[in-house]
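# Chains, contacts and geometry: an overview
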Amino acid sequence: MSRLPRIKHVRAFVVKNDGTGGGADYHDQGDGHWIDDHIATPMAKYPEYRQSRRSFGINVLGTLVVEIEAENGAVGFAVTTGGEPAAYIVEKHLARFLEGRDPSEVEKIWDQMYFSTQYYGRKGLVVNAISGVDLALWDLLGRLRQEPVFAMLGGPVRDELTFYATGARPDKAKELGFIGGKAPLHHGPAEGEEGLRKNLAELEAMRNACGDDFWLMFDCWMALDLNYAVRLAHEAHKLGLKWIEEALSPDDYWGYQALKKNAPKGMLVTTGEHEATRWGFRMLLEMECCDIIQPDVGWCGGVTELIKISAMADAKGVLMIPHGSSVYSYHFVVTRHNSPFAEFLMMAPGADEVVPMFHPQLIGEPVPVNGKLKVPDTPGFGVELNRDIALHRPYAR
Ligand SMILES: C[C@H](O)[C@H](O)[C@@H](O)[C@@H](O)C(=O)O
Ligand SMILES: [Mg+2]
């Protein structure tokens, strides 16, 4: 048995965003932000939902903040996407597997959280809630042991992280020192050949602005069908597209298998951030759906699950490059050989300057400088919760 103080309280908060953006539900931005400007989605077949992802509710959940307090007063916390429904799951269901327990029992706690909710969870919101609790638990462990999370994961395999940037301005990403720029795809199949031409014209303009060697990628956010994705990949290959991301529905493992087989030689296929747990990623890996998996550590099951997911990918020679999730992925990426670079999401409205991804929620949130970042050697994930933000505990016990 460990000598650590027991867990005393688990608390779940939401952040009352006023729609002007910020926080772990990073799609919850105000008007004019690049991240909500005519981005292709599965809903774009409905013209009324084509211009703005907020129009169909991409920001409906909001941020979930999980706090875990130990008997000695130490508090670990984490933020992720989940809002009030996730707070309900944490307080009404998951907390019972932590309160009174030894915080070092991350495996047993994760197993009980997952299998007790399996009948209504398995992916999406419930695994977001489990992830938020798991991340807060790792943060608490780091504070109790006075160790950064990366030290508890086996230690760094490199001195610093190298980033590509996601945003509408890959040309600015190049100026800011990133190794590549991943742009949102703006037009889906519903906009026909004209939309496809517009996508390729945008890529050609980016290629002309960035030169031949700068990585350029398309993030297709589940918007395409297989035929469109294959055609786009082959045309974009002529412009040096490095990878085509999340072209299909996360459930279409067969489609991804076909896309990977029919993609141009030399182009990478990735499957995005909406898969969860070791079982979901096992399916992607065993069906040979992709060259890179991209779990979001705040959505896939947390650190405890990402250890398993990453090891499976490593064994198959597949890169594991987590979806942008600030410090929560940085502490993992720096410890893994099959995570040679990381994603940084440009949250400035014009995608033209580096600002903290989860601003204003995390005090001390580090950002890349010239596309690189040395993960701070501070306990837990190395950040503090900004207690000036409007926190609300809807299901206080
Ligand atoms: C830019 C994409 O549409 C998403 O908003 C982005 O969050 C995600 O897909 C990513 O890979 O960063
Ligand atoms: Mg993506």
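Named according to an unreviewed UniProt entry, the protein chain is L-rhamnonate dehydratase originating from Brevundimonas faecalis. We quote the UniProt Function (unreviewed entry) comment for the protein chain here in full: "Catalyzes the dehydration of L-rhamnonate to 2-keto-3-deoxy-L-rhamnonate (KDR)." Quoted verbatim from the Subunit (unreviewed entry) field of UniProt, the annotation for the protein chain is "Homooctamer; tetramer of dimers."

### Details of the overall build of the protein chain
Looking only at helices and strands, the protein chain has eleven helices and 15 strands in total. Taken over C-alpha atoms, the radius of gyration comes to 20 Å for the protein chain, in line with the 21 Å a tight globule of 397 residues would show. Taking the principal axes of the C-alpha coordinates as reference, the protein chain spans close to 60 × 40 × 40 Å. Counting all 397 residues of the protein chain, 60% fall into the buried class. When the accessible surface of the protein chain is summed, it comes to about 15200 Å², and 50% of that surface belongs to carbon and sulfur atoms. Taking the 41 positively charged and 53 negatively charged side chains of the protein chain as two groups, their mean positions are separated by 4 Å.

### Things to note about the UniProt feature "active site" (unreviewed entry) in the protein chain
With numbering aligned to this structure, UniProt lists the feature "active site" (unreviewed entry) at His323. Within the secondary structure layout, histidine 323 lies in the loop between β10 (319-320) and α11 (327-333). By relative accessible area, histidine 323 is classed as buried at 3%. The contacts of histidine 323, once residues within four sequence positions are left out, are Tyr26, Glu273, Gln294, Pro295, Asp296, Trp299, Ser329, Glu343 and Leu345.

### Side note on the coordination of the magnesium ion (ligand 2)
Surrounding the magnesium ion (ligand 2) are the protein donor atoms Asp219 (OD), Glu245 (OE) and Glu273 (OE), which sit 2.0 to 2.5 Å from the metal. Site description for the magnesium ion (ligand 2): donor spacing in sequence, D-x25-E-x27-E. Of the two residues, glutamate 245 sits in strand β7 (residues 241-245) while glutamate 273 sits in the loop between β8 (268-270) and α9 (277-286), which places them 28 residues apart along the sequence.

### Things to note about the site of ligand 1
The full set close to ligand 1 counts 15 residues, and Tyr26, Lys182, Asp219, Glu273 and Glu343 are the nearest of them. Within the contact set of ligand 1, an oxygen atom lies 3.3 Å away from a side-chain nitrogen or oxygen of histidine 323. When ligand 1 is considered free in solution it has 320 Å² of accessible area, and contact with the protein chains removes 100% of it. When the residues that make up the shell around ligand 1 are grouped by side-chain class, the tally is six nonpolar, three polar and six charged.

### Describing the environment of valine 15
Summarising the element assignment, valine 15 is placed in strand β1 (residues 7-15). Judged by relative accessible area, valine 15 falls into the buried class, the value being 10%. For the pair formed by valine 15 and alanine 390, sequence separation is 375 residues and the distance between their alpha carbons is 5.6 Å. Excluding residues that lie within four positions of it along the chain, valine 15 makes contacts with Thr63, Val65, Gln361, Ile389, Ala390 and Leu391.

### Concerning the packing of helix α7 (residues 226-237) against helix α8 (residues 253-262)
Close contact between α7 and α8 brings their axes to 10 Å; oriented N to C, the two are set at 25°. Classified by the angle their axes make, α7 and α8 are roughly parallel. Between α7 and α8 lies a crossing whose hand is right-handed. Contacts from Leu226, Ala229, Val230 and His234 of α7 reach α8 at Gly255, Ala258, Leu259 and Asn262. When its residues are assigned to classes, the contact of α7 with α8 shows five nonpolar, three polar and no charged.

### A few points about the sheet that holds strand β15 (residues 391-392)
Ordered in space as β3-β2-β1-β15, the four strands form an open sheet in which the pairing is antiparallel. One side of each edge strand has no neighbouring strand; the edge strands of this open sheet are β3 (75-81) and β15. With two bridges connecting them, β1 and β15 associate as antiparallel partners. Pairing of valine 14 across the sheet is with histidine 392, part of β15. Contacts from helix α1 (residues 83-94) reach β1, β2 (63-70), β3 and β15, with the element oriented near 165° to β1.

### Some words on the nonpolar core
In terms of nonpolar packing, the biggest core is built from 122 residues, with Ile68, Leu232, Ile244 and Tyr328 touching the most fellow members. For this core, the element with the highest residue contribution is helix α3 (residues 125-145), accounting for eleven residues. Non-local contacts of isoleucine 68, meaning those with residues more than four positions away in its chain, are made with Ile7, His9, Val10, Ala74, Val75, Gly76, Leu98, Val133, Ala136, Leu137 and Leu140. One finds Trp243, Ile292, Ile321 and Phe341 within the second-largest nonpolar core, a separate group that totals six residues.

### Topic: the environment of phenylalanine 344
Take phenylalanine 344: it is sitting in strand β11 (residues 342-345). Phenylalanine 344 sits in the buried class, given a relative accessible area of 1%. Separated by 136 residues in the primary sequence, phenylalanine 344 and asparagine 208 place their C-alpha atoms 23 Å from one another. If sequence neighbours within four positions are ignored, phenylalanine 344 has contacts with Phe163, Tyr164, Ala165, Thr166, Phe178, Tyr330, Val354, Val355, Val367 and Pro368.

What counts and how
- Residues numbered from 1 in each chain as written.
- Chains lettered and ligands numbered in written order.
- Predicted model: local features only at pLDDT ≥ 70, side-chain atom pairs only at ≥ 80, totals over all residues.
- Heavy atoms only, no water.
- UniProt positions renumbered as here; feature names shortened; annotations may be inferred.
- Helix = DSSP H or I, 4+ residues; strand = E, 2+ residues; numbered from the N terminus.
- Rg over C-alpha atoms; globule rule 2.2 N^0.38 Å.
- Buried < 20%, exposed > 50% of the residue type's maximum accessible area, 1.4 Å probe, protein only.
- Areas by Shrake-Rupley, 256 points an atom, 1.4 Å probe, with all protein chains shown as cover.
- Lys, Arg positive; Asp, Glu negative; His and termini not counted.
- Charge placed at Lys NZ, Arg CZ, Asp CG, Glu CD.
- Contact = heavy atoms within 4.5 Å.
- Donors = N, O, S within 2.8 Å, 3.2 Å for Na, K, Ca; no water.
- Near = heavy atom within 4 Å.
- Polar contact = N/O pair within 3.5 Å; in protein donor to acceptor, adjacent residues only side chain to side chain.
- Nonpolar A, V, L, I, M, F, W, Y, C, P; charged D, E, K, R; others polar.
- Axes fitted to C-alpha atoms, helices over the stretch in contact; angles between N-to-C directions.
- Parallel < 35°, antiparallel > 145°, perpendicular 65-115°, else oblique.
- Left-handed = near helix turned anticlockwise from the far one by under 90°.
- Pairing = 2+ DSSP bridges.
- Core = buried A, V, L, I, M, F, W, Y, C linked by side-chain atoms within 4.5 Å.

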